[in-house]
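Coordinates in review
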Amino acid sequence: MDYQEVLEYLYNSLPMYHRVGAAAYKTDITNTVKLMNALKHPERSFKAIHVAGTNGKGSVSHFLASVLRNSGYKVGLYTSPHLVDFRERIRINGEMIPEEYVAQFVNDHKSLFEEIEPSFFEMTVGMAFSYFREQMIDIAVVEVGMGGRLDSTNVISPVLSIITNIGLDHTQYLGNSLEAIAAEKAGIIKQEVPVVIGETQSATQRIFAEKAKELNAPIFFADNSFRVEETEQSTNNYMQAVISKNDEYYSDIKTPLSGKYQLKNLATVSQAVDILKQIGYNNITDTSFKIGIESVIMDTGLRGRWETMSTNPLIICETAHNEDGIRCLLEKLKEMNYTKVHIIYGCVNDKDYEKILSMLPTNARYYFCKPSVPRGLEVDTLYKSAEKLGLYGYKYNSIADAIDAAKETALDDEIVVITGSIFLVADAIAEFEKELTEGQESQEQA
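The paragraphs below set out a description of the structure included in this document. (Residues numbered from 1 in each chain as written. Predicted model: local features only at pLDDT ≥ 70, side-chain atom pairs only at ≥ 80, totals over all residues. Heavy atoms only, no water.)

1. Details of the sheet that holds strand S10 (residues 239-245)
- With antiparallel pairing, 3 strands are arranged side by side in an open sheet as S9-S10-S11. Because the sheet does not close on itself, it has two edges, and the strands there are strand S9 (226-230) and strand S11 (248-255). Averaged over all pairs of adjacent strands, the angle between their axes in this sheet comes to 25 degrees, without regard to strand direction.
- Direction of pairing for S10 relative to S11: antiparallel, over a ladder of 7 bridges. In the sheet register, Lys245 faces S11, and the bridge partner there is Glu248. (Pairing = 2+ DSSP bridges. Helix = DSSP H or I, 4+ residues; strand = E, 2+ residues; numbered from the N terminus. Axes fitted to C-alpha atoms, helices over the stretch in contact; angles between N-to-C directions.)

Dropping the structure here:
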């Protein structure tokens, strides 16, 4: 099979959570352990940083990978889900895994997959760790897929564990309370391995502290030591901030990730970097830290975090897909100068979408559509629920139609936000890239 045939095989033959939901979720890591055994334990061949959390784990993972890369290390980065290209999930120093490797790996292990019957995610973990081993990386930043304790990535023995925060998401799998979800995510804490908690939360602090004590793991609550404050009004393209440690100056930084919630993520990253320096990663300097933060998008390919897709009208993509994410998005909107907000919204069917809809502003104009994954919520269902809550707008058959309608309707002093699901944002990015490609081809032909 060539690369495209391999992708078809993976998408159609292996249960894929972001497409089908619960059918792909495994309640133990037995399959992953079997896979690691068959692959001769690639997870033992490299050092790693393990990153969990309800929100922010993707940004924190990318920040750390960029800082480490700019410090001279050869850095693997494993994240999920991908937005446009499957290979986004597996990178080394920002470069996506080659198509040839993906095809070869699947062709070489097809019979193994048919024997073990892993999920799509379990297979990608095996592929990533095998690729990192082959490429002899210095360190990997590994983002948890869901939860922690039972996540496929939890077969690694990291040098540092990070849990960004706890919110109510994936409750059908992880539990219906912050305490229950925290207990699942605390499963990545390892014996004598330092752990960073990004946000101190009264409901979860004790759970993390007790788990760390049980495993003799040094624990650091980042917001107890590090404070990050915006020093000037951010634009759509950057945010300037100053970092203090124990109320003393630590660093000033500029980041292309301008969402207000990034202040919390930067405190988490600062604490993590402080520990990495203490445990031997001496190549990290103040300069490499600053450059890593500033060049995170260019160095790691991070997409969809308050990303400007168009300026006339201003169109923003934001992967806010749960209550905490939407809350942060609304805080950011309060800082923006605009006369009206247009929201292109779509979500998946296993989210508490009625709760999220109830948080959205009633004075916005809405464009409802369905993400292009099987578990996308039907637009008619979404539209009816929104209407009951006083959110008015129109429904569209595709993200392309919704974007076209918003472009035609929004004035120059208004803002368009595309949000509600990572997969809707992925659809939007793919659509804008398609438009860009078609525009370039038209210019070449002219």
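2. A short note on the pairing of strand S17 (residues 415-419)
- Judged by how many residues are buried, S17 sits mostly within the fold: 5 of 5 residues are covered.
- Here S17 shows two buried faces, one formed by Ile415, Val417 and Thr419 and the other by Val416 and Ile418.
- Of the pairings in the sheet, the one linking strand S13 (residues 314-317) to S17 comprises 4 bridges and is parallel in character. What sits directly across from Leu314, in S17, is Ile415.
- Bridge count between strand S14 (residues 341-345) and S17: 5 bridges; the pairing is parallel. If you follow His342 over to S17, its bridge partner there is Val416. (Buried < 20%, exposed > 50% of the residue type's maximum accessible area, 1.4 Å probe, protein only.)

3. Some details on the nonpolar core
- Counting residues in hydrophobic clusters, the biggest one holds 39 residues, and the most contacted among them are Ile49, Leu64, Leu68, Val141 and Ile162.
- Considering every element that reaches this core, the biggest residue donor is helix H11 (residues 262-278), with 8 residues.
- Once residues within four sequence positions are removed from consideration, Leu64 is found in contact with Ile49, Val141, Ile162, Val269, Ala272, Val273 and Leu276. (Core = buried A, V, L, I, M, F, W, Y, C linked by side-chain atoms within 4.5 Å. Contact = heavy atoms within 4.5 Å.)

4. Looking at the packing of aromatic side chains
- Taken as a whole and judged by the stated rule, the model has 15 aromatic pairs.
- Here the aromatic rings of Phe226 and Tyr250 are separated by 5.0 Å at their centres, their planes lie at 90 degrees, and the arrangement is edge-to-face. Of the two residues, Phe226 sits in strand S9 while Tyr250 sits in strand S11, which places them 24 residues apart along the sequence.
- Members of the aromatic cluster, each reached through a chain of ring pairs, are Phe46, Tyr78, Phe121, Phe129 and Phe132.
- Directly above the aromatic system of Tyr238 lies the positively charged group of Lys254, at a separation of 4.7 Å from the ring centroid.
- Above the plane of the ring of Tyr383 lies Lys395, whose end atom (NZ or CZ) is 5.1 Å from the centre. (Phe/Tyr/Trp six-rings, centres within 6.5 Å; stacked < 30°, edge-to-face > 60°. Lys NZ or Arg CZ within 6 Å of the ring centre and 35° of its normal.)

5. Re the packing of helix H1 (residues 3-13) against helix H5 (residues 99-116)
- Direction vectors running N to C along H1 and H5 enclose 40 degrees, while the axes themselves pass 9 Å from each other. In terms of axis orientation, H1 runs oblique to H5. Taken as a pair, H1 and H5 cross one another with a handedness that is left-handed. Along the contact surface, H1 presents Tyr3, Val6, Tyr9 and Leu10, while H5 presents Glu99, Val102, Ala103, Val106, Asn107, Lys110, Phe113 and Glu114.
- A breakdown of the residues in the contact of H1 with H5 according to their chemical character gives 8 nonpolar, 1 polar and 3 charged. (Parallel < 35°, antiparallel > 145°, perpendicular 65-115°, else oblique. Left-handed = near helix turned anticlockwise from the far one by under 90°. Nonpolar A, V, L, I, M, F, W, Y, C, P; charged D, E, K, R; others polar.)

6. Some points on the pattern of salt bridges
- This model, assessed by the stated rule, comprises 17 salt bridges.
- When the shortest N-O distance is used, the salt bridge between Asp286 and Lys277 registers 3.8 Å. (Salt bridge = Lys/Arg side-chain N within 4 Å of Asp/Glu carboxyl O.)

7. So, the sheet that holds strand S5 (residues 139-143)
- Strand order in the open sheet formed by 8 strands is S4-S3-S2-S5-S1-S6-S7-S8, and the pairing between neighbours is mixed. Edge positions in the sheet fall to strand S4 (95-96) and strand S8 (219-221), since each of these pairs with one other strand and no more.
- Relative to S8, strand S7 (residues 195-197) runs parallel, the two sharing 3 bridges. Across the sheet, residue Val195 finds its bridge partner in S8, namely Ile219.
- Along the sheet face, helix H6 (residues 120-134) touches strand S2 (75-78), strand S3 (90-92) and S5 and points at about 15 degrees away from the line of S3.

8. Describing helix H3 (residues 30-38)
- All buried positions along H3 are accounted for by Asn31, Thr32, Leu35 and Met36. Viewed along the axis of H3, the buried residues span an arc of 135 degrees, placing them on a single side of the element.
- Residues of H3 that are buried in the fold lie against H5 and H6.
- Of the residues trailing H3, Lys40 is marked for its positive phi of about 65 degrees. (Arc of directions from axis to C-beta.)

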